[in-house]
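The primary structure of each chain is shown beneath.
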Amino acid sequence: MIAPLYEAGALSPRSGLVVALALGLAFGFFLERAGLGSARKLSAQFQLTDFTVLKVMFTAIVTASLGVFWLSRLGALDLGRVYVPETYLLPQLVGGAVFGAGFVVAGLCPGTACVSAATGRGDGVAVVGGLLLGIFAYGAMYPVVERFASSTPRGTFTLPQLIGASHGMTLLILVVVALLAFRGAEWLESRRAAAA
Amino acid sequence: MSSTSGGAAYGSPYLAGVGIGLVLIAAYVVMGHGVGVSGALTSVAGTVTTVATNAPASAAWRGYAAPGFAALLSDWFVVEVIGITLGGLASAALAGRLRRETERGRGVGVSRRVAFALGGGAIMGIGARLAKGCTSGQALTGGSLLSVGSWIFIATAFAAAYLIAPLVRREWR
């Protein structure tokens, strides 16, 4: 059978929920392992003193994108049946900026705030509370922002389509950029350590 | 740098990244979709709103609001976020990093830190709704599936965060 298994009808909704719990457990575990349940650690990324956020995120993206590429190339995964978040150019441009502003003020993002709260941090609980407040507020102003939020839709629109390169070539570029970013991050961290 | 004020030192960020990458691959292979957190919070908020107003879900909550609180527990992303919370708890417990505290910079009071956390969280919530996802659903999931919109999200989120970072620098001294 070709994956995705759930899409192919191999799993009941109840088994799907067991998978949700298991994947969530692993996700939360790895976030905490790296120290991403700590607002101090995440904030250091933005003060350029600790690049854990960049390393974890970029490594996860590279790992997953290479895995998806090879599984589909080997015929084990039907990429056409994996849901790719749809592109809405302006809402994601503006939403991303608003999100980033909130992120640096809060010191935690939604997933890491859950981990922070679970490990006893009061500021993590407050960020989760703030997120819910913001989501309620968005719901209240939805009639006003609805038009903008659904503007400039591009459907499933991927980087290979954008730059006119093959899937494999796009990933090669991504891997090279990631390796350069890791090198730069290590260099900046070691320079700081030497200065301290 | 990675002093944890007690408890074991943090693990390698690269290994943790590979672990999260494998979680994403497993999600694509088994479920056909990635992970997310802000969507689950939207389901909670939408369910609270519709239950409280006793009205059918308005356009703002369509696709998110569950018919009741019990039904929230059959929402894939809500269960996944419960898992994230328990996974974080388990990892911290194993490493001796469970700690009742409010993380903040020296000279910053608890109430000031909580105000920033609440306010920043609220701004983030609005941004995530507008962008249709957060660091999990857009950056990690959409990023690894090479979605253009997700990479726009990553770019503007980090640009805005770096632009504002000097203003909140003293919160962490």
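Right above here is the structure, for reference.
Here's what I pulled together on the structure shown here. Within each chain, residues carry numbers counting from 1 in the order of the written sequence. Labels are handed out in written order, letters beginning with A for the chains and numbers beginning with 1 for the ligands. This being a predicted model, a pLDDT of at least 70 is required before a residue's local features are given, and a value of 80 or more before pairs of side-chain atoms are given or counted; all residues contribute to the totals for chains, interfaces and linings. Hydrogens and waters are ignored; side-chain quantities use all the structure's heavy atoms.

### A look at unusual backbone geometry
The omega angle of the peptide bond from A:Ala3 to A:Pro4 is 0°, so this bond is cis rather than trans. In this fold, A:Pro4 is placed in the segment before helix H1 (13-33). Of note in the backbone geometry, B:Asn54 takes a positive phi value of approximately 55° without being a glycine. The backbone of B:Lys132 sits at a positive phi, close to 65°, despite the residue not being glycine. To qualify as a helix, a DSSP run of H or I must reach at least 4 residues; to qualify as a strand, a run of E must reach at least 2; elements of each kind are numbered from the N terminus. Along the polypeptide, B:Lys132 turns up in the loop between helix H5 (110-131) and helix H6 (135-144).

### Considering a positive patch on the surface
Taken together, the side chains of A:Arg191, A:Arg192, B:Arg169, B:Arg170 and B:Arg173 make up a positively charged region of the molecular surface. Along the chain, B:Arg173 falls in the segment after helix H7 (148-164). Grouping into patches uses exposed residues only, defined as over 30% relative accessible area, and leaves out salt-bridged ones; the cut-off is 9 Å for like charges and 5 Å for nonpolar side chains (Val, Leu, Ile, Met, Phe, Trp, Tyr). For accessible areas, the Shrake-Rupley method is used with a probe of radius 1.4 Å. Any residue's cover is judged against the shown protein chains and nothing else. Salt bridges are counted wherever a side-chain nitrogen of Lys or Arg sits within 4 Å of a carboxyl oxygen of Asp or Glu. Lys and Arg are tallied as positive, Asp and Glu as negative. Neither His nor the chain termini are counted. One atom stands in for each charge, and that atom is NZ of Lys, CZ of Arg, CG of Asp or CD of Glu.

### Here we look at the packing of helix H1 (residues 13-30) of chain B against H6(B)
All names here are of chain B. At their nearest, the axes of H1 and H6 sit 11 Å apart, and the two run at 70° to each other. The angle between the axes of H1 and H6 places the two elements in the roughly perpendicular class. Pair H1 / H6 crosses with right-handed handedness. Of H6, the residues touching H1 (which contributes Ile-20, Leu-24 and Tyr-28) are Leu-140, Thr-141 and Ser-144. Asp, Glu, Lys and Arg are counted as charged, while Ala, Val, Leu, Ile, Met, Phe, Trp, Tyr, Cys and Pro are counted as nonpolar; the rest, among them Gly, fall into the polar class. Per-class residue counts for the contact of H1 with H6 are 4 nonpolar, 2 polar and no charged. Axis lines are fitted through C-alpha atoms, for helices just across the contact stretch, and the angle between N-to-C directions can take any value from 0 to 180 degrees. In what follows, roughly perpendicular refers to angles from 65 to 115 degrees, roughly parallel to angles under 35, roughly antiparallel to angles over 145, and oblique to any angle outside these ranges. Less than a right angle of anticlockwise turn of the near helix away from the far helix marks a crossing as left-handed, whereas a clockwise turn marks it as right-handed. Throughout, a residue-residue contact means that at least one pair of heavy atoms, one from each residue, lies within 4.5 Å.

Keep in mind these numbers describe shape, not what the thing actually does.
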